[in-house]
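Chain and residue survey
Residue-level listing of the chains:
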Amino acid sequence: MKIFNTLTRSKEEFKPINKDIINMYVCGPTVYDLFHIGNARTFIFFDCVRRYLEYKGYSVNFIQNFTDIDDKIINKSLQENKTIYEISDKYIEEYYIDSDSLNIKRATQNPRATDYLNEIIELISELMDNRFAYEIDGNVYFSIREFRSYGKLFGQDLNTLKSGSRIKINENKKDALDFILWKKNKGEEPGYNSPWGVGRPGWHTECCSMIYKYFDGNTIDIHGGGMDLIFPHHENEIAQIEALGNKKLANYWMHCSFLNMNNEKMSKSLGNFLTVREVLNVYNPNVIRFFLLSVHYRNNISFSNLHMESAKKSLARIKKSYVNLINIKSCNNADSDNYLDEIKKYYAKFINKMEDDFNTSDAISVIFEFIKYINRFANSFNRLEVMESIKIFKNFFDIFGLEYGDNNVDCKNLEDDIKDMVIQRLEFKQKRQFDKSDLIRSELEKKGYILEDIKGGTRILDTNDNNLIYTVLL
Ligand code: AMP
Ligand code: ZN
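Residues numbered from 1 in each chain as written. Chains lettered and ligands numbered in written order. Predicted model: local features only at pLDDT ≥ 70, side-chain atom pairs only at ≥ 80, totals over all residues. Heavy atoms only, no water.

Turning next to the overall build of the protein chain. From N to C terminus, the protein chain includes 15 helices and 16 strands. Viewed in the frame of its principal axes, the protein chain has a C-alpha envelope of about 95 × 50 × 35 Å. Across the 474 residues that make up the protein chain, the buried fraction comes to 52%. Of all intrachain contacts in the protein chain linking residues separated by at least 6 positions in sequence, the fraction that spans at least 24 positions is 73%. The positive charge centre, built from 64 side chains, and the negative charge centre, built from 68, are 5 Å apart in the protein chain. (Helix = DSSP H or I, 4+ residues; strand = E, 2+ residues; numbered from the N terminus. Buried < 20%, exposed > 50% of the residue type's maximum accessible area, 1.4 Å probe, protein only. Contact = heavy atoms within 4.5 Å. Lys, Arg positive; Asp, Glu negative; His and termini not counted. Charge placed at Lys NZ, Arg CZ, Asp CG, Glu CD.)

This is the structure in structure tokens:
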């Protein structure tokens, strides 16, 4: 399996550190509001990475933090006259509601920054002891000029970074790019005791302290987040951990591109956002996931109703094919496996696309090629071939996190008396009593069922959307 590693800017063969367990960390949300569909893109993509690794047989130790102390949370708590914990507790709960609705698997653990203050203070103290950090008036900064390889993730050397930097020169800092590790408490803000006085941790310190603590100072396999986190957030994480001569922080750095709206990155600060909850009011979670995974994760995706509608149609086509298949499951008993090799080729092709840096977009194209194939030949498949075809769909659904199990196919449950009427009609037809069989057909039509005769049976379609509901075979 190949992964594009931001650190080397190339696709590399994935070599896990342990045989069976993958350790991965993905930066989570700042919990002061509902999350938007742009955030959901990143979360769903990494959920798909995790699902794929699990499909490959790994057990995945998936850690995603909650940033529960930060300016935005403090502002909200002041506006609403609540404690920061009341704000973060509420939005953590809301996060779970929306991410569960989107069928995002819960992380193995979701550590909260404020639960790791001791570790954060320990890390900052160690950096100070080793002269990588300095204190000015209760604020502690990381000194980037002390860490030689600063800029390696972003792919820029220090001079280019400095000249391109729009970071305001802070009189107190030694260097414009030095970043804050511990912020001195101002005014009404909540604060915590530290060797540098009352204050709170900087965001970049929070993630690496948790990773360090969680994974016992060992290198992790994958560190992920959105593209906007490459610089400075992840660059700063590397600096803090690797400056101390510790092991490499992560072997593979993966970054998901943006979801845009009107050609701009969706973000709260720009105001061009839709919360997941708003989108869930209009679209089914499967459609949202399918849409977000339909573009390769390293390309931008633009959100629009038109694109969502087209995703909805594409997914309906996939589902229809799947329903067709499960309906003919036990119908054909041909001995020879005429189609099995070809079906297996489609399966291998689908998996190859996933192996190639999680190319979900091409993987979906393979599914559509496969659908064309089964539309032509499925009625001649024998049982083994049908089962193998179902396996392709099922793995696709599992890896993409789409909810269509055997029992969860989004088709109506057909009452037995309807099935009986269809069978009765077929029997009348066999006896050439066409007036009786026609009567049943028109009765069923009034109830919302269209009958379409096929060799040896009848398909029952929904009058509203022409979707196949059930197939009766005699
Ligand atoms: P935040 O709560 O802003 O820290 O974001 C949480 C995660 O969502 C981070 O990994 C961000 O990089 C990611 N993210 C934020 N906005 C977008 C967007 N428009 N498209 C894709 N990912 C995003
Ligand atoms: Zn982070």
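Here the narrative resumes.
Surrounding ligand 1, one finds 18 residues, the nearest of these being Thr42, Gly226, Asp228, Leu259 and Met266. Between Thr30 and ligand 1, the recorded distance is 3.3 Å, taken from a backbone N or O atom to an oxygen atom. Thr42 is positioned such that a nitrogen or oxygen atom in its side chain is 2.7 Å from a nitrogen atom of ligand 1. Here ligand 1 has 490 Å² of accessible area as a free molecule, and 89% of this is covered by the chains. Of all the elements in the fold, those that place two or more residues in the shell around ligand 1 are helix H1 (37-55) and strand S9 (220-226). For the shell around ligand 1, the element with the most residues is H1, which contributes four residues. (Near = heavy atom within 4 Å. Polar contact = N/O pair within 3.5 Å; in protein donor to acceptor, adjacent residues only side chain to side chain. Areas by Shrake-Rupley, 256 points an atom, 1.4 Å probe, with all protein chains shown as cover.)

Turning our attention to the sheet that holds strand S8 (residues 199-201). Spatially, the four strands line up as an open sheet ordered S5-S6-S7-S8, and their pairing is antiparallel. Two strands in the sheet have a free side with no partner beyond their single neighbour: strand S5 (133-136) and S8. Each adjacent strand pair in this sheet contributes to an overall mean axis angle of 25 degrees, direction not counted. In the sheet, strand S6 (residues 139-142) pairs with strand S7 (residues 179-184) via three bridges, with the strands oriented antiparallel. Bridging from a neighbouring strand, Val140 pairs with Trp182 of S7. (Pairing = 2+ DSSP bridges. Axes fitted to C-alpha atoms, helices over the stretch in contact; angles between N-to-C directions.)

Evaluated as defined, the whole model comprises 34 aromatic pairs. Pairing Tyr322 with Phe393 gives two aromatic rings, centres 5.7 Å apart and planes at 45 degrees, and the pair type is tilted. Of this pair, Tyr322 sits in helix H10 (residues 305-327) while Phe393 sits in helix H13 (residues 383-400), and the two are 71 residues apart along the sequence. Both residues of the pair, Tyr322 and Phe393, count as buried. Members of the aromatic cluster, each reached through a chain of ring pairs, are Tyr322, Tyr339, Tyr346, Phe350, Phe370, Tyr373, Phe377, Phe381, Phe393, Phe396, Phe397 and Phe400. (Phe/Tyr/Trp six-rings, centres within 6.5 Å; stacked < 30°, edge-to-face > 60°.)

A few words now on the domain arrangement of the protein chain. The assigned domain composition of the protein chain is domain 1 (2-290), domain 2 (318-400) and domain 3 (416-473). One C-alpha centre belongs to domain 2, the other to domain 3, and the line joining them spans 28 Å. (Domains from an automatic or database assignment.)

Once that is clear, we can look at the coordination of the zinc ion (ligand 2). Every protein donor of the zinc ion (ligand 2) is listed here as Cys27 (SG), Cys207 (SG) and His233 (NE2), and their distances to the metal cover 2.1 to 2.2 Å. Counting residues between consecutive donors of the zinc ion (ligand 2) along the chain gives the motif C-x179-C-x25-H. Of the two residues, Cys27 sits in the loop between strand S3 (21-26) and H1 while His233 sits in helix H7 (residues 230-243), which places them 206 residues apart along the sequence. Taken as a pair, Cys27 and His233 share a single burial class, namely buried. (Donors = N, O, S within 2.8 Å, 3.2 Å for Na, K, Ca; no water.)

Before going further, it helps to examine the confidence of the model for the protein chain. Here the protein chain averages 91 in pLDDT, while 93% of its residues score no lower than 70. Note on residues 406-412: pLDDT under 50 across the span, and 14 contacts to partners over four residues away in sequence or across chains. (pLDDT = per-residue confidence, 0-100.)

So, about unusual backbone geometry. A negative phi angle is the norm for most residues apart from glycine, just as the trans form is the norm for most peptide bonds. Backbone torsion omega between Phe231 and Pro232 reads 0 degrees, so that peptide bond is classified as cis. One can find Pro232 in helix H7. A positive phi angle, close to 65 degrees, is found at Asn263, a residue other than glycine. Structurally, Asn263 can be placed in the loop between strand S11 (259-261) and strand S12 (264-265). Of the residues examined, Asn263 reaches a relative accessible area of 73% and is grouped as exposed. One non-glycine residue, Phe358, adopts positive backbone phi at about 55 degrees. Looking at the secondary structure, you find Phe358 in the loop between helix H11 (340-355) and helix H12 (360-377).

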